[in-house]
Amino acid sequence: MKKHDAVLWFLFVIFVAIRMTCRMPYWIILALETCGLAVSLLIKTKMPSARYVGMSVAFAVVSTAAYLGYQRNPWILLYGLRAGIPTLLCSLAVFSVMEKRGGLLLLSKSGKHPLMKSIMISLALGGVLSVINFFLSGQEAAFEFSLWKVLLSLNPAIYEEMACRAIFFAFCIWHAHGKMNVFQKFTAYFMACVPHAAVHGYPLIQTMELCVLFGLPFAILQKKRDLTSAMIAHGLVDAVRFTVMGI
């Protein structure tokens, strides 16, 4: 086991231990760990180009402002920094690794009309997962659309995909110099799926369902297509959930 893999598994053990023994917001633990990974990467990789610095700031602002969709009170933005700060640090680190080692793409450029292809793929996957999410919830549909709910869905779309998932891929890609063996690939996908699923606080079986049915498809989309399609698909699932099942 390589040193960087051991670091990730050690952090996961700490996370699980806290998850099993303490009653506290698990999101905070995951955010602290991913921010630590982001800072360690930035020390090694330095900052990304000005373009991606600006994009990282934009992601952080949007993921923070999205909380206004939950509560139209400017003070909620202070709470929103719990997502905004990790989003900023992790986006900077992800983009820096992306520029220097590859392994991830913000937007795929393969084939004709790559943007349209990414959008179509993400809408198709997001639509299927939205239906699955509705039936798993066991709730009755109560359709109530509002742009505030769409705004709120931008938080998980950006924050969770960048600061809870892509950062693990970036960490593994950097330390493996872009070439991962089977165990390193397993580690990367495991960390990109399981911790994020576990922070929702569900029992083991439901956590596994969340990981396999939602975490893994988003992780595959990130790695095999691009970050944009994963964010759109994730945002669609939550927008539908907020609209049909409430916030």
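Rules behind the numbers
- Along each chain, the written sequence defines residue order, and numbers are assigned to residues from 1.
- This being a predicted model, a pLDDT of at least 70 is required before a residue's local features are given, and a value of 80 or more before pairs of side-chain atoms are given or counted; all residues contribute to the totals for chains, interfaces and linings.
- Side-chain measures here rest on the full set of heavy atoms in the structure, leaving out hydrogens and waters.
- Note on ring pairs: Phe, Tyr and Trp rings are taken, using the six-membered ring of Trp, and paired if centres are within 6.5 Å. Classes follow the plane angle, with under 30 degrees stacked, over 60 edge-to-face and the rest tilted.
- Every helix listed is a DSSP run of H or I at least four residues long, and every strand listed is a run of E at least two residues long, numbered separately from the N terminus.
- We count a charge as sitting over a ring when the NZ of a lysine or the CZ of an arginine lies within 6 Å of the ring centre and within 35 degrees of the ring normal.
- What a helix should span is 1.5 Å times the count of its residues minus one.
- For every residue, the accessible area (1.4 Å probe, protein chains only) is compared with the maximum for its type, and the residue is labelled buried under 20%, exposed over 50%, or partly exposed between those bounds.
- By definition, the arc is the one covered by directions from the helix axis to the C-beta atoms.
- By the convention used here, residues are in contact when the closest approach between their heavy atoms is within 4.5 Å.
- The method works on a 1 Å grid over the protein atoms by themselves. A cavity is a set of points holding a 1.4 Å probe that cannot get out, a pocket is an open set with protein on both sides within 12 Å along at least five of seven lines, and residues with an atom within 4 Å of a point line them.
- Grid points are joined across faces, edges and corners, and a volume is the space filled by probe spheres set on the points.

Visitor: Help me out: how do you make sense of the packing of aromatic side chains in this one?
Guide: Where two aromatic rings form a pair, the distance of their centres and the angle of their planes describe that pair. Considering all chains together, one arrives at eleven aromatic pairs under this definition. For the ring pair tryptophan 27 and tyrosine 159, a centre distance of 6.1 Å and an interplane angle of 40 degrees mean the geometry is tilted. With tryptophan 27 in helix α2 (residues 26-45) and tyrosine 159 in helix α6 (residues 147-175), this residue pair connects regions lying 132 residues apart in the sequence. Over the ring of tyrosine 26 we find arginine 19; its NZ or CZ atom is 4.7 Å from the centre of that ring. Its guanidinium or amino end placed over the ring of tryptophan 174, arginine 101 lies 3.8 Å from that ring's centre, counting from NZ or CZ.

Visitor: Is there a simple way to think about helix α3 (residues 50-65) in this case?
Guide: Residues spaced three or four apart along an α-helix point in a common direction, a consequence of the helix completing one turn every 3.6 residues. For α3, with 16 residues, the first-to-last C-alpha span of 22 Å sits near the 22 Å given by 1.5 Å per residue. Looking only at α3, the buried set comprises Tyr52, Ser56, Phe59, Ala60, Ser63 and Thr64. Each buried residue of α3 lies within a common arc of 125 degrees when the element is viewed along its axis, so the set occupies one face. In this structure, α3 carries Ala50, Arg51 and Val61 as exposed residues pointing more than 90 degrees from its buried face. Summarising the contacts, the buried residues of α3 are in contact with α4 (76-101), α6 and α9 (227-245).

Visitor: How should I be thinking about the environment of leucine 104 in this particular structure?
Guide: Locating leucine 104 in the fold gives a position in the loop between α4 and α5 (114-137). C-alpha of leucine 104 to C-alpha of aspartate 226: the two residues are 122 residues apart in sequence and 6.6 Å apart in space.

Visitor: It is not clear to me how the layout of surface pockets should be interpreted in this structure. Could you clarify?
Guide: If a probe as big as a water molecule is rolled over the atoms, it shows which places are left empty. By volume, the largest pocket amounts to about 1100 Å³. Taken together, 33 residues line the largest pocket, and the ones lying closest to its centre are His200, Tyr202, Asp238, Arg241 and Phe242. Elements represented by at least two residues in the lining of the largest pocket include exactly α4, α5, α6, α7 (182-198), α8 (204-224) and α9. Space inside the second largest pocket adds up to approximately 300 Å³.

Visitor: Explanation requested: unusual backbone geometry in the structure shown.
Guide: Across residues other than glycine, the phi torsion is negative in most instances, and most of the peptide bonds are trans. We note that lysine 46 has phi near 70 degrees; this positive angle belongs to a residue other than glycine. Looking at where lysine 46 falls in the secondary structure, it is placed in the loop between α2 and α3. Classification of lysine 46 as exposed rests on a relative accessible area of 55%. A positive phi angle, near 50 degrees, is found at histidine 113, a position not held by glycine. With respect to the element layout, histidine 113 can be found in the loop between α4 and α5.

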